[in-house]
Every structure is written in structure tokens, then in C-alpha cells.
Amino acid sequence: MRTYKLWAVAACMVAAIVATAPASVAQTPVAQTPPMGWNSWNFFAGKVTDADVRAAADALVSTGMKDAGYVYVNIDDTWEGQRDANGVIQTNSKFPDMKALADYVHSKGLKIGIYSSPGPKTCAGYAGSLGHEEQDAKTYAAWGIDYVKYDLCSFIPAVMMKQAPNDHAAQMRLMHEAYAKMSHAIESTGRPMVLSMCQYGWDAVWEWGASVGGNLWRTTGDINPTWDRIAKIGFSQDGLERYAGPGHWNDPDMLEVGNGRLSLAEDRSHFSLWAMLAAPLLAGNDLAHMKPEVSAILMNRAVIAVDQDKLGEQGHRAYAEGEFEVWQRNLSGGAMAVCIIDNGSSRYSTHPFHLQLDKLGLRGTQTGTDLWTGKSVTLTDNMPIELGAHDVLMVRLDHPAA
Ligand code: GLA
């Protein structure tokens, strides 16, 4: 009896010590709000070099984007070289010294991200992590990496199709396990790293992504800098809101703001919609050479504040009517963001639209702030709203009246 009591006391003491001990490094929470930063792929694709990444880091600081919250500098595919005799991944000649690059990015007060695949090859055909997961995670930790994008690609033919040719359920299990494996490998390094899952939304990843350690997961195939693609991806996110929250986010892909031939209205609508979606805000343009109008969009602090709202509640479609999409998002402190986008097929026309507040669960006149003009705005029931094609009205209601 006495021995039992002593053990019980000892066990309680251990439990108390564990409970009050500071969280270990591996438990440091990441991505409590949607990650913000820059990624090389959308603009530089396979051409990205060490110099481009340094220039992006410099630009994040000099433009003020870092102060607005953009901290991750993410190198996408095509940095990889061969493995050495011990299997350790090397960089290719475009990235002469990854540790030095990471140190440079860190010296600016920023964080650095990298890219790999659970398959033998990445999407661009460079070395993937298959069979080297722990080794790669250790290498990333030694370099000082803070964020890993893990892209399915060749894992499909090389592992899923090969090991379970006619068994869909087994293929899906292999895919889940591949992500869990990299998540554990990262955790074992003791260095906190964001894990970005890139498998294009397969097998309803939003339902299981967090359980295998993902902090964000792509919900669709690749974005491109056309309004049609951005609208298709963005407006298809309705219904996924219940899967997002602090530490685990739906990812409708990286931003195309400032890329291709998007109009400024389209850039604004894209950015607004991604903020409504609590999406990661990873700029994908050439930061060192962007126009002031583009940086002004990326640095609209009021829109960023919607994206980064600490409640972490993803917005949803309130209703769609004709060419107009009306979305709403609950924000902390009882506030609400409302976003109306003209998704009309003609870029050059304007269309009258009458806002119905009851469809947003609102009653009577609402006063708020137009987040693109900064001016105060009054929303009344049935009011006509006129927008240029693909343009947006985004309003923050601090005290929505229901
Ligand atoms: C896939 C991803 C893109 C990018 C490329 C790189 O297409 O979805 O985001 O990472 O691979 O090869």
C-alpha cells in the first residue's frame, strides 16, 4: 500500500513537471494564422536562382511587405542536385550554398522554405525524398529551413500505382502514410517547420490533412494568372470552411497578384477572396520589380487583417446572383467581412446588382469600412452596387446588426 502511494505521488510530481515544463521546440505551434510570404514558382518556375531568392528577401524588407506580415521566403521546385555517397541531398549549381542562403534570409528577420516530393522525383523531375525522408528532414534542419512544401507528383506512379495497382483504398493509405512520414521526420529534428501538403486536394485532404501533420493543404490543381482560373479555384472553396482553423488551413494555391495580364481589379478581387478564405498569402510575383499599384494591393493592411484574423474562421458564400458572388466571414470581436465580386464574363462591362442583407443574416442599415478605399460605407437593403468587371467591394462591419 505504502509503495503504491509513493509511486502515485511520484507519478503526480512527474505529471506536474511535464505539465508545467515549457513546450519542447518540436511542439512550438506554427501557422496559427495562415502563412504569409513569397514563393518562387508562379513567376520564376524552373529558372529560380539563389540570387532571385535573395532579391525577393531584400524586396520583402524594402517594400514594407515584411512589416505587413510576409515572412516566409519559399524556394519551390528545381533547387535540388544529386545525392552524395551517403545519400545526403545536395543543391544544384543554381543554389551554391543553401545554408548560406538560409542564413542570409534569417539575417533579414525572415524565414525560409523549401520544396520536395515523397516520390523519387519532384514534379519538375529533380530528386525527391523517397527513401530519404528522415535524412532530408535532418538536412533541412541543419540548413535552418522553416517550411517544407511536399508535392505528391511521382509518388503516384512510383509507389501508389506500383504497390497497389488496382486498390484505390490502399493507394490512398500509401499517400496518407507518405505525408505522416515526412511530418514525423520533421518533428524528430526538433526544429519547427510548417508542413505544406501539395496533392491537389485528392481524397478530400481537408478531412485528414491535419491528422497526418499538415499545416496547410492544397485543395485544387495549379493556379495560373488568369481570372477564369482564379475564380474557378476561389469560388469552389465554399463548404471547406469547417476544416480550416489555427494550425491547419485550406490552401487554394499561391497568389498570382501582379502576374500575367491580370487587371488591377482582378488582382484586388483575387487578394480579397483569398483573405475571405483565410488562405495562405504567398505572393508569387517578382517582388524586386513590381509596380507600386501591385505592392499597394499586397500590402493592404485592412484586407490582410481579415486574412489573419485570430479567430481563424474561413469565410463562405452567402449567395450568388447572376454574375455576382457575395461572401461573408466572421471575424473576432463579433465583426464581419463582406465581399462582393463581379464575376461577369465580360471584362469591360458593369452590371447593376441589388444587395440583399437578409441573405447575409443582417437586418437594417449597416455601417462599415470599404477596405479598398478606407472610407466609411453604409450598406442598406436592396441597395444597387455597381462594380467594374471582375472588381470587388470588400467591407468590414465592426458591429454587424443581425
Ligand atoms: C506542382 C505544384 C506547383 C509547383 C510545381 C513545381 O505543379 O502544384 O505548385 O510546386 O509542381 O514543379
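Residues numbered from 1 in each chain as written. Predicted model: local features only at pLDDT ≥ 70, side-chain atom pairs only at ≥ 80, totals over all residues. Heavy atoms only, no water.

### Some words on the pairing of strand β16 (residues 376-379)
Where burial is concerned, the two faces of β16 differ: the one with Val-377 and Leu-379 is buried and the one with Ser-376 and Thr-378 is not. When strand β15 (residues 366-370) meets β16, the two strands line up antiparallel, connected through four bridges. Its bridge partner being in β16, Thr-369 is matched across the sheet by Ser-376. Counted along the chain from β15 to the antiparallel partner β16, the turn is five residues long, and its residue Gly-374 has a positive phi close to 80 degrees. (Buried < 20%, exposed > 50% of the residue type's maximum accessible area, 1.4 Å probe, protein only. Helix = DSSP H or I, 4+ residues; strand = E, 2+ residues; numbered from the N terminus. Pairing = 2+ DSSP bridges.)

### Focus: the state of the cysteines
Per the counting criterion, the structure on display carries one disulfide. Here Cys-123 pairs with Cys-153 through a disulfide, and the sulfurs are 1.6 Å apart. With the S-S bond torsion at 100 degrees, the cross-link from Cys-123 to Cys-153 turns out right-handed. With Cys-123 in the loop between β5 (111-116) and α5 (133-143) and Cys-153 in the loop between β6 (147-151) and α6 (155-163), this residue pair connects regions lying 30 residues apart in the sequence. Among the residues examined, Cys-153 registers a relative accessible area of 18% and is labelled buried. Its sulfur unpaired, Cys-198 is 6.4 Å from the next cysteine sulfur, which belongs to Cys-123. The exposure class assigned to Cys-198 is buried, which follows from its relative accessible area of 1%. (Disulfide = S-S within 2.5 Å.)

### Focus: unusual backbone geometry
For Thr-78, which is not glycine, the phi torsion reads 95 degrees and is therefore positive. With respect to the helices and strands, Thr-78 occurs in the loop between β2 (72-74) and β3 (80-83). Residues other than glycine seldom take positive phi values, yet Asp-253 does so here, at roughly 95 degrees.

### A word on the site of the ligand
The full set close to the ligand counts 13 residues, and Asp-76, Asp-77, Lys-149, Asp-151 and Asp-222 are the nearest of them. Contacts to the ligand include Lys-149, whose side-chain N or O atom sits 2.8 Å from an oxygen atom. Arg-218 is positioned such that a nitrogen or oxygen atom in its side chain is 3.1 Å from an oxygen atom of the ligand. A total of 300 Å² of accessible area belongs to the ligand in isolation, and the protein chains cover 92% of it. Split by residue class, the shell around the ligand holds seven nonpolar, no polar and six charged. (Near = heavy atom within 4 Å. Polar contact = N/O pair within 3.5 Å; in protein donor to acceptor, adjacent residues only side chain to side chain. Areas by Shrake-Rupley, 256 points an atom, 1.4 Å probe, with all protein chains shown as cover. Nonpolar A, V, L, I, M, F, W, Y, C, P; charged D, E, K, R; others polar.)

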